[in-house]
Amino acid sequence: MPKGSDLLVAALENEGVDRIFGVPGEENLDVVESLRSSSIKLILTRHEQGAAFMAATYGRLTGKPGVCITTLGPGALNLTTGAAYALLGGMPMIMLTGQKGIMSSRQAKFQIVDVVGVFKPLTKLSLQIVSTSSIPTIVRDAFRIAMEERPGPVLLELPEDVAGDEAEDIAMVPQHPIEIPVAHRASLDRAAEMILKAKRPLIMLGAAASRPRSTAGIGGFVRRTQIPFFTTQMGKGTVAGGSKLYMGTAALSERDYVHDAVDRADLIIAIGHDTIEKPPFIMGPKGPQVIHFSYTPANVERVYFPQCEVVGDVGPSLELLADRVEGRLHSAGALLSLRESILNRITDRATEERWPPTPQRIVHDVRKVIPEDGIVALDNGMYKIWFARNYRTYVANTLLLDNALATMGAGLPSAMTAAMLYPERRVLAVCGDGGFMMNSQEMETAVRLKLNLVVLILEDSAYGMIRWKQAVDGFADFGLTFGNPDFVKYAECYGAKGSKVESTAELIPTLERAFNSGGVHLVSVPIDYSENTRVLIDELREKLKQVDEPVA
């Protein structure tokens, strides 16, 4: 007769799961044994947090939940940051955790914490499985809940006695497609009326616009309306960044060059905006009207209170909206005259030869070696602002960054998942020296899995973003610097290759050699962060002093 663990694994196979990331424990051994004879690959990681980041990124890139597994207590608790990463980032994920037997236990309270309770505020559903007969139904429901808008994580706890208990051979619950209704006709009519009246319309593409199911409809809407657009950090790539309608990315909340267009707009069509992101612009009483167009209603905030909401399946609903306005927008391109100035200012000094290289130069050189469909996965640090601002994207989900939880340590695991899913594409992890060391042990996992992956380490021997803010706020330079290992030797001790860039001109050739050599390759380069103050403080402050030209 099958065991509870056999039913769990059969239910996962029924959902199309092909791999599980994690660190199993004693309480998972029945599940591990069931996986041994299944079609599912167990990808053993070196830390549970890395497994959660990898599973969440699987969900982000495929639209199907990634799955990770840990033991009870300390192993399960190491998933908390990954759960929050998936919850705030809208990434479908299933977390499977073990537990001591619930009928009886010879170990009393050893290692036991209320894992289900801990994860309730960090998940869409957190549930203990208490009987074998319920497993197929619970698993099917968990996957449905994880994928429904807004996507996110689900935790299922399987006690070891339920996992090992004999079970009847229960039929699996068949999958069914998750259908999202198109927007209501009345809301589409209201939005169309506002767009037709607008003299200076502007489109903003947010985090939900990058869902795998969204991008085709969004690109069609932009092409049919010819309204210029900008993106949030997590909305990059939803429409090709090379488009003649692209106005930039809002890496800051206000006062940057892209906000020249925002400030002059009289209507912003916010497609897929999620207020979990750091605000891409600040709404005020005298600002533009805003249409919220997304899968779910708007979260009204002090900085975001749209005057119109269009809620429904984004792609098909945008097609219906385009049907109402196409060919009737005589002022669609009114803001395009600002485009050249905005983009030129953002790319200023991108080819400077100074050593160590500036963030602008590093972004420029990375873009040179990454093809249009290549994937760059960022960790969190000061460089994230520069990549969001300066890195042009041409395909959805080719710049993976976290502007929701904004956690350090996710860059390398996210890149590893991308390299697994797309072995034919170039994949680059970009990490600060601080964030890289938080999950650097996963280099062994990457080597063991024979991934083709390049890791670019930006060295400043400090928690650079906080140190910069410390200086900007007038505090003494204290408590935020550290020493680093020799990163070349560090890579080599894992069986990876390592290179150190010794001049600005060497960065592109070094990255090219790393990609061409195959396998896991770490490249370290120092970075000059003095541009943070020159551009993001002094230059933008001077820009504010200038008198805006009157709006036509």
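Given the structure is predicted, the values throughout are model-derived calculations rather than measurements.

Participant: What is the right way to read the overall build of the chain from this model?
Facilitator: In terms of helices and strands, the chain carries 22 helices and 18 strands. Computed over C-alpha atoms, the radius of gyration of the chain comes to 24 Å, within 12% of the 24 Å expected from 2.2 N^0.38 for 552 residues, which places it in the range of a compact globule. C-alpha atoms of the chain, sized along the principal axes, occupy 75 × 60 × 45 Å. Expressed as a percentage of its 552 residues, the buried residues of the chain come to 57%. Here the chain has roughly 22,000 Å² of accessible surface; of this, 52% comes from carbon and sulfur atoms. Each charge sign in the chain was given a centre, from 57 positive and 65 negative side chains, and these centres are 5 Å apart.

Participant: Hey, could you run me through unusual backbone geometry in this one?
Facilitator: Peptide bonds are mostly trans, and most non-glycine residues show a negative phi. The amide bond that connects glutamate 149 to the next residue, arginine 150, takes the cis arrangement and shows omega of -10°. Counting through the fold element by element, arginine 150 comes out in the loop between α7 (135-147) and β6 (153-159). Look at the link from tryptophan 355 to proline 356: it is a cis peptide, with omega at -5°. Phi at alanine 406 is positive, roughly 55°, even though this residue is not glycine. If you trace the backbone, alanine 406 turns up in the loop between β14 (399-400) and α16 (411-421). Even without glycine at this site, lysine 450 takes up a positive phi of about 60°. Taking the relative accessible area as the measure of exposure, lysine 450 reaches 71% and is therefore exposed.

Participant: Sorry if this is basic, but what is going on with the pattern of salt bridges here?
Facilitator: Pairing of side chains with opposite charge becomes possible as their charged atoms draw close. One pass over the full model with this rule turns up 29 salt bridges. Here aspartate 256 and arginine 389 are joined by a salt bridge, their closest N and O atoms 2.7 Å apart. Taken together, the residues aspartate 256 in the loop between β9 (246-249) and α11 (258-264) and arginine 389 in helix α15 (residues 382-390) connect sequence positions 133 residues apart. Assigned by exposure class, aspartate 256 and arginine 389 land together as buried.

Participant: Help me understand the side chain of serine 317, please; the structure alone is not making it clear to me.
Facilitator: Mapped onto the elements of the fold, serine 317 is located in helix α12 (residues 314-325). The residues touching serine 317, leaving out its near neighbours within four places in the chain, are Val182, Ala183, Leu188, Phe293 and Gly312.

Participant: Could you clarify how one ought to interpret α7 in this entry?
Facilitator: What sets the pattern is the α-helix's 3.6 residues per turn: residues three or four places apart point alike. Between its terminal C-alpha atoms α7 stretches 18 Å, which fits the 18 Å expected from 13 residues at 1.5 Å a residue. All buried positions along α7 are accounted for by Ile135, Pro136, Ile138, Val139, Arg140, Ala142, Phe143, Ile145 and Ala146. Against α1 (4-14), β3 (66-70), β4 (93-99), β5 (125-128) and β6 lie the buried residues of α7.

Participant: How should the environment of serine 39 be read in this particular structure?
Facilitator: Turning to its location among the elements, serine 39 is positioned in the loop between α2 (29-36) and β2 (41-44). On the basis of relative accessible area, serine 39 is assigned to the exposed category, the value being 55%. The spacing of serine 39 and glycine 101 is 62 residues in sequence and 27 Å in space, taken between C-alpha atoms. Beyond its immediate chain neighbours, meaning those up to four positions away, serine 39 contacts Glu13 and Asp18. There is a polar contact of 2.8 Å between the side chain of serine 39 and the side chain of glutamate 13.

Participant: Would you explain the packing of helix α3 (residues 48-62) against helix α5 (residues 80-89) in this entry?
Facilitator: For any two helices packed against each other, one specifies the crossing angle of their axes together with the interaxial distance. It is at 8 Å that the axes of α3 and α5 come closest, and there the two elements cross at 20°. Considering their axes alone, α3 and α5 lie roughly parallel with respect to each other. Handedness of the α3/α5 crossing: right-handed. Side by side, α3 and α5 meet where Gln49, Ala52, Phe53, Ala56, Thr57 and Arg60 of the first sit next to Thr81, Gly82, Tyr85 and Ala86 of the second.

Participant: Would you mind going over the side chain of threonine 70 with me for this structure?
Facilitator: Considering the arrangement of structural elements, one finds threonine 70 in strand β3. Apart from residues no more than four positions distant in its own chain, threonine 70 is found in contact with Val23, Asn28, Glu48, Gly75, Ala76, Leu79, Leu96, Thr97 and Gly98.

Participant: Looking at this model, I keep getting lost on the sheet that holds strand β8 (residues 229-231). Mind explaining?
Facilitator: What links the strands of a sheet is backbone hydrogen bonding, and the strands pair in either a parallel or an antiparallel sense. Taken in spatial order, the six strands make up an open sheet running β9-β8-β7-β10-β11-β12, and their pairing is parallel. Both edges of this open sheet fall to β9 and β12 (308-311), since each of them pairs with a single strand only. Within the sheet, the average angular offset between the axes of one strand and its neighbour, ignoring direction, is 20°. Judged from the four bridges that link them, strand β11 (residues 289-294) and β12 form a sheet pairing that is parallel. Each bridged residue has a counterpart across the sheet, and for serine 294 the counterpart in β12 is valine 311. Along the sheet, helix α9 (residues 185-197) contacts β10 (267-271), β11 and β12; its crossing angle with β12, the most-contacted strand, is approximately 130°.

Rules of the game
Residues numbered from 1 in each chain as written. Predicted model: local features only at pLDDT ≥ 70, side-chain atom pairs only at ≥ 80, totals over all residues. Heavy atoms only, no water. Helix = DSSP H or I, 4+ residues; strand = E, 2+ residues; numbered from the N terminus. Rg over C-alpha atoms; globule rule 2.2 N^0.38 Å. Buried < 20%, exposed > 50% of the residue type's maximum accessible area, 1.4 Å probe, protein only. Areas by Shrake-Rupley, 256 points an atom, 1.4 Å probe, with all protein chains shown as cover. Lys, Arg positive; Asp, Glu negative; His and termini not counted. Charge placed at Lys NZ, Arg CZ, Asp CG, Glu CD. Salt bridge = Lys/Arg side-chain N within 4 Å of Asp/Glu carboxyl O. Contact = heavy atoms within 4.5 Å. Expected span 1.5 Å × (residues − 1). Polar contact = N/O pair within 3.5 Å; in protein donor to acceptor, adjacent residues only side chain to side chain. Axes fitted to C-alpha atoms, helices over the stretch in contact; angles between N-to-C directions. Parallel < 35°, antiparallel > 145°, perpendicular 65-115°, else oblique. Left-handed = near helix turned anticlockwise from the far one by under 90°. Pairing = 2+ DSSP bridges.

None of the figures reported here should be taken as evidence of function without further support.
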